[in-house]
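One letter stands for each residue in the lines below.
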Amino acid sequence: MRKSYRVKKESEFQEVFETHNSVANRQFVVYSLDKPNQLHFRVGISVGKKIGNAVHRNWVKRRIRQSLLELKPYLRQDVDFIVIARPAADQMSMTDVKASLIHVLKLAKLIDPNYDSEEKS
């Protein structure tokens, strides 16, 4: 995922975080902020030290980024959002990470609600 799709600065991260517009499941928490004039979505990824050592944290980040890259055509474009991994995230396979992200993104209304049927066709 190109860097233009990432929330990079601490101030931008805090702006999204402070909206308190969040949803969660067992593996991820997603905070979102609508940005109506934005060309494409931007995402911040946070994997805390409770997940494990640096290798485990990087593993989780890579899988989140890859899942979002695969979901890119189905995601809302006028939004900034942050994905925060919970401790259970490092025990999941790539398929499970993607499925869990789809679930939490649907709860946050950031992905097309008909995503499953569109992917199959």
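Residues numbered from 1 in each chain as written. Predicted model: local features only at pLDDT ≥ 70, side-chain atom pairs only at ≥ 80, totals over all residues. Heavy atoms only, no water.

A. Highlighting the packing of helix α2 (residues 54-71) against helix α3 (residues 94-107). Relative orientation of the contacting elements α2 and α3 amounts to 60°, with a least axis distance of 9 Å. What the angle tells us is that α2 and α3 run oblique. Crossing of α2 against α3: the hand is right-handed. Of α3, the residues touching α2 (which contributes Arg 63, Ile 64, Gln 66, Ser 67, Leu 68, Glu 70 and Leu 71) are Met 94, Val 97, Lys 98, Leu 101, Ile 102 and Leu 105. By residue class, the composition of the contact of α2 with α3 is 8 nonpolar, 2 polar and 3 charged. (Axes fitted to C-alpha atoms, helices over the stretch in contact; angles between N-to-C directions. Helix = DSSP H or I, 4+ residues; strand = E, 2+ residues; numbered from the N terminus. Parallel < 35°, antiparallel > 145°, perpendicular 65-115°, else oblique. Left-handed = near helix turned anticlockwise from the far one by under 90°. Contact = heavy atoms within 4.5 Å. Nonpolar A, V, L, I, M, F, W, Y, C, P; charged D, E, K, R; others polar.)

B. Representation of the side chain of Asp 90. Tracing the chain through its elements places Asp 90 in the loop between β4 (79-85) and α3. A distance of 3.2 Å separates polar atoms of two side chains, one belonging to Asp 90 and the other to Gln 91. (Polar contact = N/O pair within 3.5 Å; in protein donor to acceptor, adjacent residues only side chain to side chain.)

C. Region of interest: the side chain of Asn 25. As for its placement among the helices and strands, Asn 25 is situated in the loop between β1 (22-24) and β2 (28-34). We classify Asn 25 as buried; its relative accessible area is 10%. Among the polar contacts made by the side chain of Asn 25, one reaches the main-chain amide nitrogen of Gln 27 at a distance of 3.1 Å. Of the polar contacts made by the side chain of Asn 25, one reaches the side chain of His 103; its length is 3.2 Å. Apart from residues lying up to four places away in sequence, Asn 25 is in contact with Arg 86, Ser 100, His 103 and Val 104. (Buried < 20%, exposed > 50% of the residue type's maximum accessible area, 1.4 Å probe, protein only.)

D. Region of interest: the packing of aromatic side chains. According to the stated counting rule, one finds 2 aromatic pairs in the structure shown. With centroids separated by 4.7 Å and ring planes inclined at 50°, the aromatic side chains of Phe 17 and Tyr 31 adopt a geometry described as tilted. Highlighted residues: Phe 17 in helix α1 (residues 10-17) and Tyr 31 in strand β2, separated in sequence by 14 residues. (Phe/Tyr/Trp six-rings, centres within 6.5 Å; stacked < 30°, edge-to-face > 60°.)

E. Spatial organisation of the nonpolar core. Core analysis: the largest hydrophobic core is formed by 27 residues, its most contacted members being Phe 28, Ile 64, Leu 75, Phe 81, Val 83, Ala 85 and Leu 105. Elements represented by at least two residues in this core include exactly β2, β3 (42-47), α2, β4 and α3. Per-element tally for this core: the top contributor is α3, with 5 residues. When residues no more than four places from it in sequence are discounted, the contact partners of Ile 64 are Phe 28, Ile 45, Val 83, Ala 85, Val 97 and Leu 101. Residues Val 7, Phe 13, Tyr 31 and Ile 82 belong to the second largest nonpolar core, which totals 8 residues. (Core = buried A, V, L, I, M, F, W, Y, C linked by side-chain atoms within 4.5 Å.)

So far we have only geometry, and geometry alone does not tell us how the molecule works.
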